[in-house]
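Observations on the model geometry
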Amino acid sequence: AKQGWVSPIKLLTEPSALYGLLAASMFAFTGLCLRDATQQVEHSAAIMRAATVLATMVSMQSVICAVWLFGFERPTAAKIWRMPGLSTFVALTSLLGSAGWFTAMALISVSYVKTLGQIELIIMMVIGVVYFREYPKRLEWLGFALLLTGILLLLLTR
């Protein structure tokens, strides 16, 4: 916006856009794999299938992160260790969020869950305004309105 009109091609080849697109692609692929994994677990309750996959994935991630932190990032590991309250809060809220995602994906189409999950952006905006006093710009408000409209249309037409 500060530079005036910029070609969409140029915008999409910016490093931040490329990283964002790569991350989005990996999250999409991961969602499909998680859905498939929950369908492979032999249990009648979706929440137990989701919990099994989540426990497996979190265990694997924890081992990988611990090896990385203690092997290559000891100062960072020490900082995390010195903040047990914050680390525990982040871990628990992340675990609860993941449990919700995994359970939802065990029950219904990943695309539906991911679309409905965009409500997290609205929640994040509210937290940003209330807690951090960060106010969105007009164009961001328009984006949030379009996002909310899309979510409502999804819910109303399902």
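You'll find the structure just up there.
Predicted model only: the values in this text are computed from it and were never measured.

Conventions adopted
Residues numbered from 1 in each chain as written. Predicted model: local features only at pLDDT ≥ 70, side-chain atom pairs only at ≥ 80, totals over all residues. Heavy atoms only, no water. Helix = DSSP H or I, 4+ residues; strand = E, 2+ residues; numbered from the N terminus. Buried < 20%, exposed > 50% of the residue type's maximum accessible area, 1.4 Å probe, protein only. Polar contact = N/O pair within 3.5 Å; in protein donor to acceptor, adjacent residues only side chain to side chain. Contact = heavy atoms within 4.5 Å. Axes fitted to C-alpha atoms, helices over the stretch in contact; angles between N-to-C directions. Nonpolar A, V, L, I, M, F, W, Y, C, P; charged D, E, K, R; others polar. Patch = residues over 30% accessible without salt bridge, like charges linked within 9 Å, V, L, I, M, F, W, Y side chains within 5 Å. Areas by Shrake-Rupley, 256 points an atom, 1.4 Å probe, with all protein chains shown as cover. Salt bridge = Lys/Arg side-chain N within 4 Å of Asp/Glu carboxyl O.

**What about the side chain of Thr38?**
Here Thr38 lies in helix H2 (residues 15-40). Among the residues examined, Thr38 registers a relative accessible area of 1% and is labelled buried. A polar contact of 3.5 Å, which involves the side chain of Thr38, links it to the side chain of Gln39. Not counting chain neighbours up to four residues away, the residues in contact with Thr38 comprise Arg49, Ala50, Val53, Phe102, Met105 and Ala106.

**Brief notes about the packing of helix H3 (residues 46-72) against helix H4 (residues 74-81)**
Relative to each other, H3 and H4 sit at 115°, their axes nearing to 5 Å. Mapping the contact onto sequence places Leu69, Phe70 and Phe72 in H3 and Arg74, Thr76, Ala77 and Ile80 in H4. Class assignment for the residues of the contact of H3 with H4 results in five nonpolar, one polar and one charged.

**Details of unusual backbone geometry**
One non-glycine residue with positive phi stands out, namely Arg133, at about 60°. In this structure Arg133 comes out as exposed when scored by relative accessible area, which is 55%.

**As for a nonpolar patch on the surface**
A contiguous nonpolar surface patch, about 1100 Å² in accessible area, is contributed by Ile119, Ile123, Val126, Ile127, Val130, Tyr131, Phe132, Leu148, Leu152, Leu155 and Leu156. Going through the elements one at a time, helix H7 (119-130) and helix H8 (138-157) are the ones with two or more residues in the nonpolar patch. Broken down by element, the residue count for the nonpolar patch peaks at five residues, all from H7. Relative to the elements of secondary structure, Tyr131 occurs in the loop between H7 and H8. Note on Tyr131: relative accessible area 62%, which makes it exposed.

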